[in-house]
Amino acid sequence: MSIRVVVADDQELVRAGFGMILDAQDDIEVVAEAADGREAVSAVRRHGPDVLLLDIRMPVMDGLEAARLVCAESGCKVVMLTTFDLDEYVYEALYAGASGFLLKDVRRDDLVHAVRVVAAGESLLAPTVTRRLVADLVKRRREQPAADGPPPPSLDALTAREVETLRLVARGLSNAEIAGTLFVSEHTVKTHVSNVLSKLGLRDRVQAVICAYETGLVTPGAP
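First things first, this report covers the structure right here in the doc. (Residues numbered from 1 in each chain as written. Predicted model: local features only at pLDDT ≥ 70, side-chain atom pairs only at ≥ 80, totals over all residues. Heavy atoms only, no water.)

1. Considerations on unusual backbone geometry
- If you check the backbone angles, V60 has positive phi at about 70° while not being a glycine.
- Among the structural elements, V60 can be located in the loop between β3 (51–55) and α3 (63–73).
- Note on V60: relative accessible area 57%, which makes it exposed.
- A positive phi angle, near 60°, is found at F183, a position not held by glycine.
- Looking at the element boundaries, F183 is found in the loop between α8 (175–182) and α9 (186–200). (Helix = DSSP H or I, 4+ residues; strand = E, 2+ residues; numbered from the N terminus. Buried < 20%, exposed > 50% of the residue type's maximum accessible area, 1.4 Å probe, protein only.)

Pasting the structure below:
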């Protein structure tokens, strides 16, 4: 069964380029294109795709607002695309519900991989974006009083094994790597991850990473 994708970007050549790359794959079908955020939301409502590739800076409605609407209304996974590697966009996009964040100079193979990974329920960030996100999270925790925003969810509801699973997810390990570390099956790891997301009210692994850093469960540079 093909992965159904909507590509939204205000630049026609970018839309066409991404569309051609993805449509060339046997397991991916581009079902619609959109030139602004409002068109992207309408396309998702009309076609019910699995993944939305969404530019952040677009006319009429920007990508952040479009992402909020799409994530609130559907199970469609959102991958944000931008030329702007700026912390505030990453942070806002992830809290809007995006499951991935890639720069527009992404390689062909990495773009295809991102769509497949996100469609499978995983999350993906460009390595440079991940480093900047972690640095931004740490900076916010140090500089802003807790009262400035909603507190991170409590980890009290998690079992000891679920806490350990969350720690390993936050360090970037895949399910297979976590299974090897904890000496359990991948199916067991998937169950632990699902329980973590459910108990903490998180959408996906990206938000789990944010939670782990915000609660202090993981700190940059820790082994």
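2. Notes on the environment of V14
- In this fold, V14 is placed in helix α1 (residues 12–23).
- V14 gets classed as buried once you look at its relative accessible area, which sits at 17%.
- Each C-alpha atom of the pair V14 and K104 lies 8.8 Å from the other, and the pair is 90 residues apart in sequence.

3. Some points on the environment of I28
- Relative to the helices and strands, I28 is located in strand β2 (residues 28–34).
- Its relative accessible area of 3% is what places I28 among the buried residues.
- Along the primary structure I28 and V5 are separated by 23 residues, whereas in three dimensions their C-alpha atoms are 7.3 Å apart.
- Excluding its chain neighbours within four sequence positions, the residues that come into contact with I28 are I3, V5, L22, D23, V112, V115 and R116. (Contact = heavy atoms within 4.5 Å.)

4. Re the packing of helix α2 (residues 37–47) against α3
- Axis separation between α2 and α3 bottoms out at 9 Å; the angle between their running directions is 15°. Relative to α3, the element α2 lies roughly parallel. As for the relative orientation of α2 and α3, their crossing is right-handed in sense. Counted together, G37, V41, V44 and R45 of α2 and A66, L69, V70 and E73 of α3 form the full contact between these two elements.
- Tallied by class, the residues present in the contact of α2 with α3 amount to five nonpolar, one polar and two charged. (Axes fitted to C-alpha atoms, helices over the stretch in contact; angles between N-to-C directions. Parallel < 35°, antiparallel > 145°, perpendicular 65-115°, else oblique. Left-handed = near helix turned anticlockwise from the far one by under 90°. Nonpolar A, V, L, I, M, F, W, Y, C, P; charged D, E, K, R; others polar.)

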